[in-house]
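What follows is the residue order along each chain.
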Amino acid sequence: MTEFWLISAPGEKTCQQTWDKMMQATTRTNNLSTNHKFNIPDLKVGTLDVLVGLSDELAKLDSFVESVVKKVAQYMADVLEDSRDKVQENLLANGVDLVTYITRFQWDMAKYPIKQSLKNISEIVSKQVTQIDNDLKARASAYNNLKGNLQNLERKNAGSLLTRSLADIVKKEDFVLDSEYLITMIVVVPKTSYADWQKTYETLSEMVVPRSTNLLFEDQESGLFSVTLFRKAIDDFRLKARENKFMVRDFQYNEEEMKADKEEMTRLSTDKKKQFGPLVRWLKVNFSEAFIAWIHIKALRVFVESVLRYGLPVNFQAMLMQTNKKTIKKLREVLYDLYKHLDSSAASIMEQPAMDIPGLNLSQQEYYPYVYYKIDCNLLDFK
């Protein structure tokens, strides 16, 4: 499982004692989770008012940064298209996989200087991730446009004979060109109607040139026939053909246009290949940046919440627990027994059935006597 619980509990005589007690209760005796110390440096506390306000702001920032992390990861999967199995190896933080990064978390002093106030640090993160979000929108929009145009052209070159481009199918010699009186039409005939076509095409209207039809191309359903007639009979021929379920394509042979179509396809295909490498590199770098920022926000939240709950001087142990689906319920119970003395209101919540109070966005099950945040590293939503 790639779900972690980031919790903190007040330091006893020393933080090491808090750690030992938790390890004893969750790992050494019953192997409920794999635990790691989560190192948070000595941050500037500031005033109580600021901490209370910051607690709300950090919750919103946490959601925003998580959404950007997921957007970048999901877009990486979209861009890699057929190589989606390679996505995970491109989603790294600081060059290592996400689990390794989280379990060995070290605060990045260069990016987020701890001499700054908590509010300033959160603003640095907010600015940085907003920039990533804006850049992603711009880059994704440009690349998606290119990809969309290319797909439209590819569709035009595949699809049914009624709609697909004929540039690769017809040749100059299939047409009577530059004639004042004659014109070659292209007609789509269902395979089941070939015999009918051969029998009737000369009589569909006056002025059809006898024996002028040729089968130029066929797919599974139908064939593409050419037929030559006098220009003045076009409308009549089109109408009678439709009545017989033969569809006349609106097509005139134009070498320049067909060449331009082919060139456009080559150009778009080349552009897409050119942009692919730099885009994947950008996504890798900025996924790493956003993910690192997200875990720093989690660290800030643990710090702020621990100070608000456990008071000053700052004395708490932050711990990262790697959970296991089978033992989640038991782990909750063990942690509750260990820390219920910290908060009597949590006891009543744990004992009550979960209630949904309309209009009150309090997820009651998510409140515990210890500080708790979830980190889910499963960021991809494969449809």
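Scroll up to find the structure this text is about.
First, a word on scope: everything that follows refers to the structure included in this document. (Residues numbered from 1 in each chain as written. Predicted model: local features only at pLDDT ≥ 70, side-chain atom pairs only at ≥ 80, totals over all residues. Heavy atoms only, no water.)

This next bit is on the packing of aromatic side chains. Under the criterion given, the structure shown has 17 aromatic pairs. Geometrically, the ring pair formed by F175 and Y253 is tilted, given 5.1 Å between the ring centres and 35° between the ring planes. Residue F175 is located in the loop between helix 5 (118–156) and strand 3 (182–190), and its partner Y253 is located in the loop between strand 6 (247–249) and helix 8 (255–310); the two are separated by 78 residues in the primary sequence. For the pair shown, F175 and Y253 are each scored as buried. The structure contains a cluster of three or more aromatic residues connected by ring pairs, namely F38, Y101, F105, F287, F291 and W294. The ring of W5 is capped by R332, whose NZ or CZ atom sits 3.7 Å from the centre of that ring. (Phe/Tyr/Trp six-rings, centres within 6.5 Å; stacked < 30°, edge-to-face > 60°. Helix = DSSP H or I, 4+ residues; strand = E, 2+ residues; numbered from the N terminus. Buried < 20%, exposed > 50% of the residue type's maximum accessible area, 1.4 Å probe, protein only. Lys NZ or Arg CZ within 6 Å of the ring centre and 35° of its normal.)

With that settled, consider the packing of helix 5 against helix 8. Two elements in contact, helix 5 and helix 8, have axes whose closest approach is 8 Å; the angle formed by their N-to-C orientations is 155°. The angle between the axes of helix 5 and helix 8 places the two elements in the roughly antiparallel class. Our pair here, helix 5 against helix 8, has a crossing hand that is left-handed. In terms of residue class, the contact of helix 5 with helix 8 is made up of 22 nonpolar, 6 polar and 10 charged. (Axes fitted to C-alpha atoms, helices over the stretch in contact; angles between N-to-C directions. Parallel < 35°, antiparallel > 145°, perpendicular 65-115°, else oblique. Left-handed = near helix turned anticlockwise from the far one by under 90°. Nonpolar A, V, L, I, M, F, W, Y, C, P; charged D, E, K, R; others polar.)

This next bit is on the sheet that holds strand 1 (residues 3–10). In a beta sheet, neighbouring strands are held together by backbone hydrogen bonds and run either parallel or antiparallel to one another. Here 4 strands make up an open sheet; going across it, the order is 2-7-1-8 and the pairing antiparallel. At either margin of the open sheet sits one strand with a lone partner, and together these are strand 2 (34–37) and strand 8 (371–376). Ignoring which end each strand starts from, the neighbouring axes of this sheet average 25° apart. Note: strand 2 against strand 7 (residues 316–322), 4 bridges, orientation antiparallel. By the bridge assignment for strand 7, H36 is matched with L320. Sitting on the sheet, helix 1 (residues 15–28) is in contact with strand 1, strand 2 and strand 7, with an inclination near 25° to strand 7. (Pairing = 2+ DSSP bridges. Contact = heavy atoms within 4.5 Å.)

We now examine the pairing of strand 4 (residues 214–218). Both strand 4 and strand 5 (residues 222–230) contribute to a ladder of 4 bridges, which runs antiparallel. Each residue of the ladder has a partner; that of L215, found in strand 5, is F225. Counting the residues that bridge the hairpin from strand 4 to strand 5 gives 3 residues.

Our next topic: helix 2 (residues 48–80). Compared with an ideal rise of 1.5 Å per residue, which puts 33 residues at 48 Å, helix 2 spans 47 Å between its outermost C-alpha atoms and is within 8% of the ideal. Two residues or fewer past helix 2, E81 is found with a positive phi of approximately 45°. (Expected span 1.5 Å × (residues − 1).)

All right, on to the sheet that holds strand 3 then. Sheet architecture is open: 4 strands sit in the order 4-5-3-6, paired in antiparallel fashion. Each of the sheet's edge strands pairs with one partner strand only, and the pair in question is strand 4 and strand 6. Taking the axes of each pair of neighbouring strands and ignoring which way they run, one obtains an average angle of 35° across the sheet.

Together, Y181, M207 and F230 make up a nonpolar patch on the protein surface, roughly 300 Å² of accessible area in all. Inspection of the secondary structure assignment puts F230 in strand 5. Classification of F230 by relative accessible area gives partly exposed; the value is 34%. (Patch = residues over 30% accessible without salt bridge, like charges linked within 9 Å, V, L, I, M, F, W, Y side chains within 5 Å. Areas by Shrake-Rupley, 256 points an atom, 1.4 Å probe, with all protein chains shown as cover. Salt bridge = Lys/Arg side-chain N within 4 Å of Asp/Glu carboxyl O.)

Our next topic: the side chain of S55. In this fold, S55 is placed in helix 2. Judged by its relative accessible area of 18%, S55 falls in the buried class. Among all residues touching S55, those that are not within four sequence positions of it are V304, E305 and L308.

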